[in-house]
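Chain and residue survey
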Amino acid sequence: MSQSQFLFNSTGDAMRDAAATLEAGNLVAFPTETVYGLGADACNADAVARIYSVKGRPSDHPLIVHVSSMQRMGDWAEEIPEYAIKLARDFWPGPMTLVLKRSSLAQDFISGGQETVGVRVPDHVVALALLEAFENIGGKGVAAPSANRFGQVSPTSAAAVTEELGEFLDSKDQIIDGGACAVGVESSIIDCTGDTPRILRPGAITAAMIETSAGIQLGGILPHSAEDLNGITVIEQSETMVYELQEAIRVSGSLESHYAPAARVLLDQDPIAGQGFIALADLPTPVGVFRIASPVDVEEFARVLYAALRQADADGLIEVVVAQPAGEGIAIAIRDRLTKAQNGRKTQK
Ligand code: TXA
Ligand code: MG
């Protein structure tokens, strides 16, 4: 028997154990391709309540339900539009959350009292094994926000989860180590409750990919600089439309400040001695500046960004300058998170 088969078997045991932990109403932090999630049985009100207390998150913020395949989407959602099925077929498992009209399975403690539910099939072998093991013992889905304290940087490694939440978890909870996350920023959130899809949170599944897959143009015209137009707040401007209805739909990651390290995040300025610096590899490091990350392309930028922001804190840096990547695609998600990280520090002051 090869070593990989042994590894596979032991992973199976570990996943059954973790699934039983969820079934018993405890929490399991697990890896996904985007960031680590803090999971609970999505049908267990007490377990879900613990997610909120461990995260220190307001309880009216909805949670994403994670399932092992798109066939499970119908358990949680109703009146699923044709374009949402196309998106699910094209991008699941993957870094995309679909917001759909909820079924009766999605109770208020999942939806934050809204009539919608977020559903995602993550693209990570450990996450899928855990979800399948949980479904095999009758579980319907795993509610999981990012495994960080509210407003902090999402964890992209098991060590970062421990750093964020270790002191708030108890001995019956688990943290599964599945290595570093491959994508590094949270999933794209797509509102599928209207005639056309709308992006609520940009991520690795981009507007262009959604338009191609759904065969529908993301509708509407973006105003240029309006921050608030009758409740519509522009969060990013791309070739196509990316916006949110902030009052109608609560997306905590869309609050102006979020994803923030303790260090002050400064964007697109020349770093000076004593500051940290995160930038693409072709940008040089001035004398006296602490280079924290030098990703070679935008995908690597996304993958290492959160670990780099954590590193800035671990190094005790007061300020970290980030040269944001330009362009479309996942660069939009990176700029979205960095803008919020910058605001996070401002509001803490
Ligand atoms: O990549 C991800 O999406 C990660 C991994 C663990 O799957 N999860 C994640 O969850 O980022 P969280 O809770 O940290 O961020 C999800 C965002 C929150 O801002 C939440 O308010 C929003 O999604 N959300 C969840 N359900 C929603 C719904 N029904 N309508 C609108 N927004 C929703
Ligand atoms: Mg989060």
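Owing to the predicted nature of the structure, the values given are computational and were not obtained by experimental measurement. (Residues numbered from 1 in each chain as written. Chains lettered and ligands numbered in written order. Predicted model: local features only at pLDDT ≥ 70, side-chain atom pairs only at ≥ 80, totals over all residues. Heavy atoms only, no water.)

Moving on, we get to the overall build of the protein. Within the protein one finds 10 helices and 16 strands. At a minimum sequence separation of 6, the contacts of the protein that also span at least 24 residues come to 64%. When the accessible surface of the protein is totalled, it reaches about 14800 Å², and 51% of it is carbon and sulfur. (Helix = DSSP H or I, 4+ residues; strand = E, 2+ residues; numbered from the N terminus. Contact = heavy atoms within 4.5 Å. Areas by Shrake-Rupley, 256 points an atom, 1.4 Å probe, with all protein chains shown as cover.)

We now examine the environment of Ala129. Mapped onto the elements of the fold, Ala129 is located in helix α6 (residues 125–136). Considering only alpha carbons, one finds Ala129 and Gly12, 117 residues apart in sequence, at a separation of 7.5 Å.

Angle between the axes and distance between the axes: these two values describe a pair of packed helices. Two numbers describe how helix α4 (residues 82–91) lies on helix α8 (residues 207–214): the axes approach to 8 Å, and their chain directions differ by 115°. Viewed along their axes, α4 and α8 form a crossing whose handedness is right-handed. Of the residues in α8, those touching α4 at Tyr83, Lys86, Leu87, Asp90 and Phe91 are Met209, Ile210, Ser213 and Ala214. Its residues placed into classes, the contact of α4 with α8 shows 6 nonpolar, 1 polar and 2 charged. (Axes fitted to C-alpha atoms, helices over the stretch in contact; angles between N-to-C directions. Left-handed = near helix turned anticlockwise from the far one by under 90°. Nonpolar A, V, L, I, M, F, W, Y, C, P; charged D, E, K, R; others polar.)

This brings us to the nonpolar core. By size, the foremost hydrophobic cluster in this structure holds 48 residues, and its most contacted members are Leu38, Leu87 and Leu98. When neighbours within four sequence positions are excluded, Leu87 is seen to be in contact with Trp92, Met96, Leu98, Ile190, Cys192, Ile210, Ser213 and Ala214. Among the nonpolar cores identified, the runner-up in size contains 27 residues, and Val153, Phe301, Leu338 and Ala341 belong to it. (Core = buried A, V, L, I, M, F, W, Y, C linked by side-chain atoms within 4.5 Å. Buried < 20%, exposed > 50% of the residue type's maximum accessible area, 1.4 Å probe, protein only.)

A few words on the environment of Pro81. Tracing the backbone shows Pro81 in the loop between β4 (77–78) and α4. Owing to a relative accessible area of 18%, Pro81 belongs among the buried residues under this scheme. Expressed as a C-alpha distance, the spacing of Pro81 and Asp195, which sit 114 residues apart in the sequence, is 8.1 Å. Setting aside residues up to four positions removed in sequence, Pro81 forms contacts with Leu100 and Cys192.

Note that strand β13 (residues 264–267) and strand β16 (residues 319–322) share 4 bridges and pair parallel. Counterpart to Leu267 in the pairing with β16 is Val322. Across 3 bridges, strand β14 (residues 276–278) lies against β16 in parallel orientation. Within the sheet, the bridge partner assigned to Phe277 lies in β16 and is Val321. (Pairing = 2+ DSSP bridges.)

A word on the pattern of salt bridges. Taken as a whole and assessed by the stated rule, the structure comprises 17 salt bridges. Ionic pairing is found between Asp13 and Arg16, a salt bridge with its closest N-O pair at 2.7 Å. Remark: Arg16 and Asp13 occur in helix α1 (residues 3–23); sequence separation between them is 3 residues, near one turn of the helix. Notably, a salt bridge pairs Arg102 with Asp108, separated by 2.8 Å at the nearest N-O pair. Judged by relative accessible area, which is 12%, Arg102 ranks as buried. The class for Asp108 is partly exposed, based on a relative accessible area of 47%. Put simply, Glu186, Asp336, Arg337 and Lys340 are held in one network by salt bridges that share partners. (Salt bridge = Lys/Arg side-chain N within 4 Å of Asp/Glu carboxyl O.)

The next subject is the environment of Ala42. Inspection of the secondary structure puts Ala42 in the loop between β2 (37–41) and α2 (45–55). Every residue in contact with Ala42, bar those within four places of it in the chain, is listed here: Val48, Val65, Trp76, Phe109, Ile110, Gly141, Val142 and Ala143.

With that settled, the discussion passes to the side chain of Thr34. Tracing the backbone shows Thr34 in the loop between β1 (28–30) and β2. Here the side chain of Thr34 touches Thr32 through a polar contact of 2.8 Å, side chain to side chain. At 3.0 Å, the side chain of Thr34 and the side chain of Arg120 are in polar contact. Excluding residues within four positions of it along the chain, Thr34 makes contact with Pro95, Arg120, Thr156, Cys181, Val183, Gly184, Val185, Glu186 and Ser187. (Polar contact = N/O pair within 3.5 Å; in protein donor to acceptor, adjacent residues only side chain to side chain.)

The strand order β13-β16-β14-β15 describes an open sheet built from 4 strands, whose pairing is parallel. Both outer strands of the open sheet, β13 and β15 (290–293), are each paired with one neighbouring strand and no more. The mean inter-strand angle of the sheet, taken between neighbouring strand axes irrespective of direction, is 30°.

Before going further, it helps to spend a moment on unusual backbone geometry. A cis amide bond links Trp92 with the next residue in sequence, Pro93, at an omega value of -10°. The residue Pro93 is located in the loop between α4 and β5 (96–102) in this model.

Turning to the packing of aromatic side chains, a few remarks are in order. For the structure on display, the rule yields 0 aromatic pairs. Taking the ring centre of Phe168 as reference, the NZ or CZ of Arg149 above it sits at 3.9 Å. (Phe/Tyr/Trp six-rings, centres within 6.5 Å; stacked < 30°, edge-to-face > 60°. Lys NZ or Arg CZ within 6 Å of the ring centre and 35° of its normal.)

Now for the side chain of Glu33. The topology assignment puts Glu33 in the loop between β1 and β2. Given a relative accessible area of 4%, Glu33 falls into the buried group. A distance of 3.1 Å separates a polar side-chain atom of Glu33 from the backbone nitrogen of Asp123. Discounting chain neighbours no more than four positions away, the residues touching Glu33 are Gly94, Pro95, Arg120, Pro122, Asp123, His124, Cys181, Ala182, Val183 and Gly184.

Spatial relationships are all this shows, so hold off on functional conclusions.
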